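Now for the letters of each chain:
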Amino acid sequence: MEIISGGVTAPKGYKAAGIYAGIKKKKKDMALVYSVVPAKAAGTFTTNLVKAAPVVWDMKIVQEYGAAQAVVLNSGVANACTGALGVENNEKMAAFMAEELGLKKEEVLTASTGVIGNQLPIEIIVEGCKLLKKELGEDAEHADLAAEAIMTTDTCSKQYAVSFEIGGKAVTIGGMSKGSGMIHPNMATMLGVITTDLAISRELLLTAIREDVKDSFNMISVDRDTSTNDSLLILANGMAGNEEITEKGEAYDSFVKALHKVTTELAKMMAADGEGATKLFECSVVGADTKEQAVILSKSIITSNLVKTAVYGNDANWGRILCAMGYAGVAFDPDKVDLYVESCAGTLKLVENGMATDYSEEKATEILKQKEVKAVADIKSGSFQATAWGCDLTDKYVYINADYRS
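Described in the following lines is the structure provided in the data block. Every value quoted in this text rests on a predicted model; they were computed, and no experiment measured them.

How two helices pack is summed up by the angle between their axes together with the distance between the axes. Viewed as axis vectors pointing N to C, helix α7 (residues 291-303) and helix α9 (residues 318-326) meet at an angle of 130°, and their least axial separation amounts to 8 Å. Between α7 and α9, the interaxial angle falls into the category oblique. In the crossing of α7 with α9, the sense of the turn from one axis to the other is right-handed. Contacts between α7 and α9 involve Leu297, Ser300 and Ile301 from the first element and Ile321, Ala324 and Met325 from the second.

We now examine the pairing of strand β8 (residues 191-196). Looking along a regular strand, one sees side chains alternate from face to face of the sheet. Judged by how many residues are buried, β8 sits mostly within the fold: six of six residues are covered. Residues Leu191, Val193 and Thr195 of β8 are buried on one face, and the alternating residues Gly192, Ile194 and Thr196, pointing to the opposite face, are buried as well. Inspection of the sheet shows β8 paired to strand β9 (residues 231-236) by six bridges, in the parallel sense. Bridge pairing in β9 links Leu191 to Ser231.

Under the definition given, this model contains zero disulfides. Left unpaired, Cys344 is separated from the closest cysteine sulfur, that of Cys391, by 18 Å.

This part covers the nonpolar core. Judged by nonpolar contacts, the single largest core of 69 residues is most densely connected at Ile173, Ile200, Phe255, Ile301 and Met325. Residue contributions to this core peak at nine residues, all from helix α6 (residues 250-272). Those residues in contact with Ile173 that sit more than four places away from it in its chain are Pro11, Tyr160, Ala161, Val162, Phe164, Ile194, Thr195, Thr196, Phe255, Ala258, Leu259 and Val262. Ranked by size, the runner-up nonpolar core spans 52 residues in total, among them Ile61, Ala80, Leu109 and Ala149.

Parameters and conventions
- Residues numbered from 1 in each chain as written.
- Predicted model: local features only at pLDDT ≥ 70, side-chain atom pairs only at ≥ 80, totals over all residues.
- Heavy atoms only, no water.
- Axes fitted to C-alpha atoms, helices over the stretch in contact; angles between N-to-C directions.
- Helix = DSSP H or I, 4+ residues; strand = E, 2+ residues; numbered from the N terminus.
- Parallel < 35°, antiparallel > 145°, perpendicular 65-115°, else oblique.
- Left-handed = near helix turned anticlockwise from the far one by under 90°.
- Contact = heavy atoms within 4.5 Å.
- Buried < 20%, exposed > 50% of the residue type's maximum accessible area, 1.4 Å probe, protein only.
- Pairing = 2+ DSSP bridges.
- Disulfide = S-S within 2.5 Å.
- Core = buried A, V, L, I, M, F, W, Y, C linked by side-chain atoms within 4.5 Å.

Spelled out as structure tokens, the structure:
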């Protein structure tokens, strides 16, 4: 597997565009990802009972058709909690984009992000669809523009791509995502679009993405808020020319490995870019009795506000980590826990068998000052492990969300 430049346009047969339509103030606000040939389509969506209109639309397309050729996205307006008019406007956005591309509206997936409760400015959307068609391109610059256009409070765009071989054919997977706040998934999180030129059955594509999110996007959190708009979409157009994957085996495993590399890196970018964050906080729980136990404990640690503020303050307040583990809702023996902190500045054992070691506070502070910090909790009761990603919690998070609509 090789990490390559580019995002959604890296695989064969994909074009993209990102433009300023006028939904937001002076920032790009509409994007398009387009496959030149029909593609298999799959996705995962928010488990929030309050689902935005584009989420409902995409769920229907994925379940009933399993194919699409384009994804049109807007930022600035979430089109959530907008009633029948919101549903109508979302369908119009799909239809307008389809008309420009010469497709049926059912071949166009939609995604929206931004303020909840506002209606889509449909006149602006119409003109935006025309401009998106005009600006379509297949180079990395167009992928950059699309990734930029879906940002809200993100401070940077998020893209990743890899290439690998299946049956002697070069296969590529590329992706883009956005997410900085309202990040606490129970499926995926955010808006994300992944493209691949792999030939694979609809059923296995859906299986792969649903299984993958359990260890990638499902393992990140910024603020414990699960969005109404979370959507992760994947298109596979088969243009790599490999023999279609129709059953699990070596070829499928190669695809799954590459897919997980893309989704994990995108997930980590999102966690690191949490609203107001200054560092990525990774937590691994090892030595667990079951995978579920490790998942629950690791996520409890990265979502604890007290742990997150300690990470921000470079404070090795390890008692907060054990506390977060203790209320997670799964059993473990506190007297067997070993706890480490790690970064590019080194590794330090803070706790052994549930009690503090004679560690250096100065060294702990140095480790915690880095841009990427990791905690490892070994509960020494089994062979399972899990890793979750979050970020520190700063006063800037409050400022960003206090005037989000301003």
